[in-house]
Amino acid sequence: MTGTLVLAGTPIGDVADAPPRLAAELAAADVIAAEDTRRLRRLTQALDVVPAGRIVSYFEGNEAARTPELADALAGGARVLLVTDAGMPSVSDPGYRLVAAAVERGVKVTAVPGPSAVLTALAVSGLPVDRFCFEGFLPRKAGERLARLREAAEERRTLVYFEAPHRLADTVAAMAEVFGADRRAAVCRELTKTYEEVRRGGLGELAAWAAEGVRGEITIVVEGAPERGPAELDAAELVRRVRIREEAGERRKEAIAAVAAEAGLPKREVFDAVVAAKNADRAGGGPGASG
């Protein structure tokens, strides 16, 4: 008979949030695969549990190499418990490889449901939660981060991201640039912990706040793109609004940014519409022919 892989949710802050089954699974498992064995030790002490099974580390650096070993243990009948530092394994944490290997071998995979930063942040954000998508961590490089955000610019569902505190300011500023400064969002910091804070507002306002420096575990919830009427989707209308602002004395860059924010569009979309109109004018000898 094959064993069982148990994915166990662990507290994201307050240890009192640990599900009752977690203690029983920690005590009964033949093998406990932990993202951080030191954190596991603190957790078992807090829950007054003495694990009887073997404890091994299972983190990003050794996940690929250790998965076959754990899969063999499962195939041999072991009950393997997988825990990460916080929340559910395999959700932006180690676990996917082992789940896939277990499924491939016909091993039973089950879970001990537990705290989730994604669902907790959604619940307290004050933003629509009937439909949402989880985007995990954005790329660290600025260009790749902007590209990923542009892919989500027209997403109607509420968006959820994880971010490191030292990258929060750059990330929220990039979101304000791509999604628009007025797009509503919530930055959730240290959820369920002593210094829990949920900061709500437009992305431009949140970017200014984040620039002052923020600490702790961060989850960002962003409102989905608004539904737009035909006039807002019309490139000609976007160009007209930019020209009105330019004629009033605004520089083109600022005019494009303002129109993008008004329409809830990425600046790139408005910029492309302006460039296309300029090229068309040149080709036809129109108003933009002289540059």
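The text that follows walks through the structure, step by step, so that each part is easy to find. Quick caveat: nothing in here was measured; it's all calculated off a predicted structure.

Procedures and definitions
- Residues numbered from 1 in each chain as written.
- Predicted model: local features only at pLDDT ≥ 70, side-chain atom pairs only at ≥ 80, totals over all residues.
- Heavy atoms only, no water.
- Core = buried A, V, L, I, M, F, W, Y, C linked by side-chain atoms within 4.5 Å.
- Buried < 20%, exposed > 50% of the residue type's maximum accessible area, 1.4 Å probe, protein only.
- Helix = DSSP H or I, 4+ residues; strand = E, 2+ residues; numbered from the N terminus.
- Axes fitted to C-alpha atoms, helices over the stretch in contact; angles between N-to-C directions.
- Parallel < 35°, antiparallel > 145°, perpendicular 65-115°, else oblique.
- Left-handed = near helix turned anticlockwise from the far one by under 90°.
- Contact = heavy atoms within 4.5 Å.
- Nonpolar A, V, L, I, M, F, W, Y, C, P; charged D, E, K, R; others polar.
- Phe/Tyr/Trp six-rings, centres within 6.5 Å; stacked < 30°, edge-to-face > 60°.
- Pairing = 2+ DSSP bridges.

Regarding the nonpolar core
1) Next: If you look at the biggest cluster of nonpolar residues, it comprises 26 residues, and the most contacted ones within it are Tyr-161, Leu-168, Met-175, Phe-179 and Val-222.
2) Next: Of all the secondary-structure elements, those providing two or more residues to this core are α6 (142-151), β7 (158-163), α7 (168-179), β8 (184-189), α8 (203-210) and β10 (218-222).
3) Next: Of the residues forming this core, the biggest block, seven residues, is contributed by α7.
4) Next: Within the second largest apolar cluster, 16 residues are counted, among which are Leu-5, Leu-7, Val-31 and Val-107.

Some thoughts on the packing of helix α10 (residues 235-247) against helix α11 (residues 252-263)
1) Next: Taken N-terminus to C-terminus, the directions of α10 and α11 make an angle of 135 degrees; their axes are 9 Å apart at the nearest point. By the angle class used here, α10 and α11 are oblique. Two packed elements cross with a definite hand, and for α10 against α11 that hand is right-handed. In this structure, α10 uses Leu-238, Arg-241, Val-242, Arg-245 and Glu-246 to contact α11, whose residues at the interface are Arg-252, Ala-255, Ile-256, Ala-258, Val-259, Glu-262 and Ala-263.
2) Next: By residue class, the composition of the contact of α10 with α11 is seven nonpolar, no polar and five charged.

What about the packing of aromatic side chains?
1) Next: Taken as a whole and assessed by the stated rule, the structure comprises two aromatic pairs.
2) Next: Ring geometry for Phe-134 against Phe-162: centres 5.0 Å apart, planes inclined by 65 degrees, an arrangement best described as edge-to-face. With Phe-134 in strand β6 (residues 132-137) and Phe-162 in strand β7, this residue pair connects regions lying 28 residues apart in the sequence.
3) Next: A relative accessible area of 29% means that Phe-134 is categorised as partly exposed.
4) Next: Put simply, the rings of Phe-134, Phe-137 and Phe-162 touch in pairs and so form one group of aromatic residues.

A look at the pairing of β10
It is a general feature of regular strands that their side chains alternate between the two faces of the sheet.
1) Next: Most of β10 sits inside the fold, with five of its five residues counted as buried.
2) Next: Sheet topology note: the β8/β10 ladder contains five bridges and is antiparallel. Looking across to β10, one finds that Ala-186 is bridged to Val-221.

A closer look at the packing of helix α3 (residues 63-75) against helix α4 (residues 96-104)
1) Next: Remark: α3 packs on α4, axes separated minimally by 9 Å, with the N-to-C direction vectors making an angle of 35 degrees. The handedness of the crossing between α3 and α4 comes out as right-handed. Between α3 and α4, the contacting residues are Glu-63, Ala-64, Thr-67, Leu-70, Ala-71 and Leu-74 on the first element and Tyr-96, Arg-97, Leu-98, Ala-101 and Ala-102 on the second.

Remarks on the sheet that holds strand β5 (residues 108-112)
1) Next: In spatial order, the strands read β3-β2-β4-β1-β5; together these five strands make up an open sheet with parallel pairing. What marks the edges here is a single partner per strand, and that holds for β3 (54-57) and β5. Direction aside, the axes of adjacent strands within the sheet are offset by 20 degrees on average.
2) Next: As judged from the four bridges shared by strand β2 (residues 31-34) and strand β4 (residues 79-83), these two strands associate in the parallel manner. The partner of Val-31 across the bridge, within β4, is Val-80.
3) Next: Against the sheet, α3 engages β1 (4-8), β2, β3 and β4, with an angle of about 155 degrees to β3.

Focus on the side chain of Thr-171
1) Next: Of note, Thr-171 is situated in helix α7.
2) Next: According to the relative accessible area criterion, Thr-171 is buried, its value standing at 1%.
3) Next: Excluding its chain neighbours within four sequence positions, the residues that come into contact with Thr-171 are Leu-138, Arg-145, Glu-163 and Ile-220.

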